[in-house]
Amino acid sequence: MTIFDSPLVVVLAYDGLCTFEFGVAVEIFGLPRPEMGDNWYRFAVAAVDDGEMRALGGIRLMTDGGLECLKDADTIVVPGWRGVETPVPDALCEALRQAHARGCRIISICSGVFVLAAAGLLDGKKATTHWRYTEKLQQRYPAISVVDDVLYLEQDNVMTSAGSAAGIDLCLHVVRLDFGLDAANVVARRLVVQPHRDGTQKQQIERPVARDRESLRLGSLFDYLHQNIAENHTVTSLAQRMGMSERTFLRRFQESTGKTPARWLLDERLRRAQHYLVTTRISMESVAEQAGFVNGKTLRRHFQRHLASSPLAWRKKFTASGE
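Here we summarise the structure given alongside this text. Computed from a prediction, not measured in an experiment: that's the story for all the values here.

### Structural notes on unusual backbone geometry
Logical step 1: Positive phi, normally seen in glycine, also occurs at Asp156, with a value near 55 degrees.
Logical step 2: Topologically, Asp156 is positioned in the loop between strand 9 (152–155) and strand 10 (158–161).
Logical step 3: The phi angle at Ala308 is positive, at roughly 50 degrees, despite the residue not being glycine.
Logical step 4: Relative to the elements of secondary structure, Ala308 occurs in the loop between helix 12 (296–307) and helix 13 (311–318).
Logical step 5: By relative accessible area, Ala308 is classed as exposed at 62%.

### Things to note about the nonpolar core
Logical step 1: Of all hydrophobic cores here, the largest spans 92 residues; its most connected members are Ile28, Phe29, Leu70, Ile76, Leu92, Leu96 and Val175.
Logical step 2: Among residues more than four places away in sequence, those in contact with Leu70 are Val10, Leu12, Ala46, Ile76, Ala95, Leu96, Ala99 and Arg102.
Logical step 3: Ranked by size, the runner-up nonpolar core spans 14 residues in total, among them Leu218, Leu221, Tyr224 and Met242.

### Observations concerning the sheet that holds strand 9
Logical step 1: Spatially, 2-1-5-6-10-9 is the arrangement adopted by the six strands of the open sheet, whose pairing is mixed. Looking at which strands have only one partner, the edges of the open sheet turn out to be strand 2 (42–47) and strand 9. Sheet twist, expressed as the mean angle between neighbouring strand axes with direction ignored, is 20 degrees.
Logical step 2: Alignment of strand 1 (residues 8–13) against strand 5 (residues 75–78), held across three bridges, turns out to be parallel. Bridging across to strand 5, Val10 finds its partner in Ile76.

### Looking at the packing of aromatic side chains
Logical step 1: Taken as a whole, this structure holds eleven aromatic pairs when the rule is applied.
Logical step 2: When the ring of Trp40 is compared with that of Phe179, the centres are 4.7 Å apart and the planes differ by 35 degrees; the resulting orientation is tilted. Taken together, the positions of Trp40 in the loop between helix 1 (19–30) and strand 2 and Phe179 in helix 5 (residues 166–179) put the pair 139 residues apart, joining distant regions of the chain.
Logical step 3: We classify Phe179 as partly exposed; its relative accessible area is 30%.
Logical step 4: Ring geometry for Phe303 versus Trp314: centroids 6.0 Å apart, planes at 85 degrees, classification edge-to-face. Linking Phe303 in helix 12 with Trp314 in helix 13, this pair joins segments that are eleven residues apart in sequence. Each member of the pair, Phe303 as well as Trp314, carries the same accessibility label: buried.
Logical step 5: Every member of this aromatic cluster is reached through a ring pair, and the members are Phe29, Trp40, Tyr41 and Phe179.
Logical step 6: Taking NZ or CZ as reference, Arg241 lies 3.5 Å from the ring centre of Tyr224, over its face.

### Thoughts on helix 10 (residues 261–279)
Logical step 1: The end-to-end C-alpha distance of helix 10 is 27 Å, a good match for the 27 Å that 19 residues give at a rise of 1.5 Å each.
Logical step 2: For helix 10, the buried fraction is high: 14 of the 19 residues fall into the buried class.

### As for helix 12
Logical step 1: Along its twelve residues, helix 12 runs 15 Å from first to last C-alpha, staying within 8% of the 16 Å computed at 1.5 Å per residue.
Logical step 2: Of all the residues in helix 12, the buried ones are Gly296, Thr298, Leu299, His302, Phe303 and Leu307. Take helix 12 and look down its axis: the buried residues cluster within an arc of 155 degrees, on one side only. In helix 12, the exposed residues that point more than 90 degrees away from the buried face are Lys297 and Arg305.

Reading the values: the criteria
Every chain is numbered on its own, with residues counted from 1 as its sequence reads. In view of the model being predicted, local features appear only for residues whose pLDDT reaches at least 70, and side-chain atom pairs are presented and counted only at 80 or more, with totals across whole chains, interfaces and linings using the full set of residues. Note that water and hydrogens are dropped before the side-chain values are worked out from all heavy atoms of the structure. Note on conventions: DSSP H or I runs of at least 4 residues are helices, E runs of at least 2 residues are strands, and numbering of each starts at the N terminus. When accessible area is computed with a 1.4 Å probe and restricted to protein chains, residues below 20% of their type maximum are described as buried, those above 50% as exposed, and intermediate ones as partly exposed. What we call a nonpolar core is a set of buried Ala, Val, Leu, Ile, Met, Phe, Trp, Tyr and Cys residues that are connected through their side-chain atoms within 4.5 Å. Residues are treated as being in contact if the distance between any of their heavy atoms lies within 4.5 Å. We call two strands paired when DSSP finds no fewer than two bridges between them. Interaxial angles span 0 to 180 degrees and are taken between N-to-C directions of axes, which are lines fitted to C-alpha atoms, for helices over the stretch in contact. Two aromatic rings, drawn from Phe, Tyr or Trp (for Trp, its six-membered ring), form a pair once their centres lie within 6.5 Å of each other, and the interplanar angle then sorts them: stacked below 30 degrees, edge-to-face above 60, tilted otherwise. Geometrically, a lysine NZ or arginine CZ counts as sitting over a ring once it is within 6 Å of the ring centre and also within 35 degrees of the ring normal. A helix is expected to reach a length of 1.5 Å times the quantity of its residues less one. Here the arc refers to the set of directions running from the helix axis out to each C-beta atom.

Laid out in structure tokens, this is it:
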């Protein structure tokens with residue numbers, strides 16, 4: 001395979017461009033990454049508008065061409081649109097429809113979903129966007145099944161993400177699909193972000209940061225749980241370890257993570273199982289045991305329920321050989 005076989009990612013640019021969302025696409029797909037070898041993404045910027053374009057913040061834009069750039073794209077990224085009330089050009093809608101028809105993957109970040117909706121690419125599908133826009137999206141496009149509290153969704157080669165930062169999670173998911181778990185983790189480390197947040201994680205957490213006086217104590221608990229993920233943990237045992245009543249412990253834990261201890265443990269065990277499936281060749285029973293599940297049957301049930309996949313299918317999907 002030569003460098004010319006590497007996938008081409010094209011991100012849209014327009015007058016009034018949402019700078020952060022555009023930057024997410026550039027950071028993940030557009031940066032040179034020699035450590036990834038010669039087959040890393042090729043990257044281009046396609047202009048939606050003619051003439052001079054300015055991004056938010058007064059930044060002037062230069063692009064690689066117009067909508068003709070979409071014809072060769074393997075993946076198209078639509079940053080947040082310039083306004084949910086702003087019409088989407090017919091030429092852009094048609095270019096996206098043609099790209100999707102030939103098998104191109106199309107991604108929206110935040111309000112970029114309105115561009116996909118205007119092109120008709122989401123009719124009959126599930127989609128998400130920033131929680132501020134979900135009601136408006138559903139009202140304007142009733143043929144879409146709008147999911148209002150997830151980070152991202154994927155259906156029929158069309159992917160939509162919630163708020164701006166959720167675009168990072170979705171783009172890392174794309175890297176994982178294209179190059180595997182290790183590559184996605186490398187990019188995440190460069191970004192200094194968590195390697196993977198499940199698309200089904202909630203957008204809104206009432207108190208995402210722990211109280212100052214609890215930060216160190218909870219941090220030590222998370223370290224302990226990561227090191228002993230396969231052991232049996234209960235609210236009683238964890239509360240005793242923290243020197244708190246069960247009621248206080250539950251409240252502080254949920255304030256810090258947005259999850260119950262049981263759900264946090266399940267998510268961490270699923271992540272550990274995903275890691276073992278991709279990076280080792282151990283049996284499903286061993287994966288289940290080391291990740292903290294009772295047995296392979298329990299592991300398979302949770303994979304199906306929370307990831308809509310079997311452990312074996314996951315291993316085949318995210319390993320280079322698929323063996």
